[in-house]
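# Secondary and tertiary structure notes
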Amino acid sequence: RKTKTDTEIEMLANLAVAIKKNELGLFYQPIYDQVGKIAWIEALCRWKHDGVEISPAVFIPLSETSDLIHRIWDWGLEQAVKSIRTWQNEGLQAAPISLNFSAVQVEYHKNSGFSYANQIQEICEKHHICPSQIKIELTETSLLNDLLKAKELFDELTALGVALCIDDFGTGFSSLSIIQALPIKYIKIDGSFIKGVPTDSANTAITKGAIAMANELGLEVC
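What counts and how
- Residues numbered from 1 in each chain as written.
- Predicted model: local features only at pLDDT ≥ 70, side-chain atom pairs only at ≥ 80, totals over all residues.
- Heavy atoms only, no water.
- Helix = DSSP H or I, 4+ residues; strand = E, 2+ residues; numbered from the N terminus.
- Buried < 20%, exposed > 50% of the residue type's maximum accessible area, 1.4 Å probe, protein only.
- Polar contact = N/O pair within 3.5 Å; in protein donor to acceptor, adjacent residues only side chain to side chain.
- Core = buried A, V, L, I, M, F, W, Y, C linked by side-chain atoms within 4.5 Å.
- Expected span 1.5 Å × (residues − 1).
- Arc of directions from axis to C-beta.
- Contact = heavy atoms within 4.5 Å.
- Pairing = 2+ DSSP bridges.
- Phe/Tyr/Trp six-rings, centres within 6.5 Å; stacked < 30°, edge-to-face > 60°.

Here we take up the environment of S112. Mapped onto the elements, S112 comes out in helix 4 (residues 103–112). Residue classification places S112 among the partly exposed positions, given a relative accessible area of 44%. Polar side-chain contacts of S112 include one of 2.6 Å to the backbone oxygen of Y108. Within the local environment of S112, its side chain forms a polar contact with the backbone nitrogen of F114, the two atoms lying 3.1 Å apart.

On to the nonpolar core. In this structure, F101, I120, I136, F154, L157 and I184 are the most contacted members of the largest nonpolar core, which totals 55 residues. If you tally residues by element for this core, the top one is helix 3 (residues 68–89), at eight residues. Ranked by size, the runner-up nonpolar core spans five residues in total, among them I31, A163, C165 and Y186.

Attention shifts here to helix 6 (residues 147–160). Relative to the 20 Å expected for 14 residues at 1.5 Å per residue, helix 6 spans 20 Å between its end C-alpha atoms, a close match to the ideal helical length. Listing the buried residues of helix 6 in full gives A150, L153, F154, L157 and L160. One side of helix 6 holds all its buried residues, which, seen down the axis, span an arc of 100 degrees. Exposed and facing more than 90 degrees away from the buried side of helix 6 are L148 and A159. Tucked into the core, helix 6 has its buried residues touching strand 4 (97–101), helix 4, helix 5 (116–126), strand 5 (134–138) and strand 6 (163–169).

Our focus in this paragraph is the pairing of strand 4. Within strand 4, four of the five residues are buried, which leaves the element mostly enclosed by the surrounding structure. By the bridge criterion, two bridges tie strand 2 (residues 38–49) to strand 4 in an arrangement that is parallel. Paired with I41 across the two strands is I97, which belongs to strand 4.

The subject of this paragraph is the side chain of H49. Mapped onto the secondary structure, H49 falls in strand 2. Among the residues examined, H49 registers a relative accessible area of 13% and is labelled buried. At 3.4 Å, the side chain of H49 forms a polar contact with the side chain of N14. Leave out the neighbours within four places in its chain, and H49 touches N14, K21, E23 and I54.

Okay, the packing of aromatic side chains next. On inspection of all chains with the given rule, the structure shows nine aromatic pairs. Ring geometry for F101 against Y116: centres 5.0 Å apart, planes inclined by 80 degrees, an arrangement best described as edge-to-face. Here F101 is found in strand 4, whereas its partner Y116 is found in helix 5, with 15 residues between them in sequence.

On to the side chain of D167, then. Considering the arrangement of structural elements, one finds D167 in strand 6. Accessibility expressed as a relative area gives 13% for D167, which makes it buried.

Function-wise, these values are silent; they only describe arrangement.
This is the structure we're talking about:
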């Protein structure tokens, strides 16, 4: 593991207190079905420190080098469930919320035995929300080198009603083996393949192939 720069060390220190200082926020991006109805909502973590927006492409990978990724997950899960409860209290039919799940968390489960299924169930019960209102999006799938342990983890979540989605599908060589091994219900085709459809013939062919494969496997496609 490479040595952290002074800037990275300072950023980690600031991130460690960001939750207490209410600097982190969840932004919600709706995902629509073919008829324009919201199918689910993706929760995106954002960080504004001293008036400056810090890209999640910077602070999320950095948080994964420490235990801060777990604190961000704990906070984000609670915020998402509370949002669903608030929307339902206001009479809105809240769509499920999806949260990004790191390969580091799979390793944490593998090494500690921590049950994310129990955690999600407890928080959902606390706010009177059905666990099926939560989806998990797997990022950095190429890092999931222990598929047996990952399957144990995600089978528990599936049994709870939490659906599993592969994010950025097609960018990693492991994507197909993960679909074979894990109880995947959704795939999100990576934007690099969608770009230029339908005029870009190569991207169109790849996208059509991914959709056809997903249909054969009974997966939903975003």
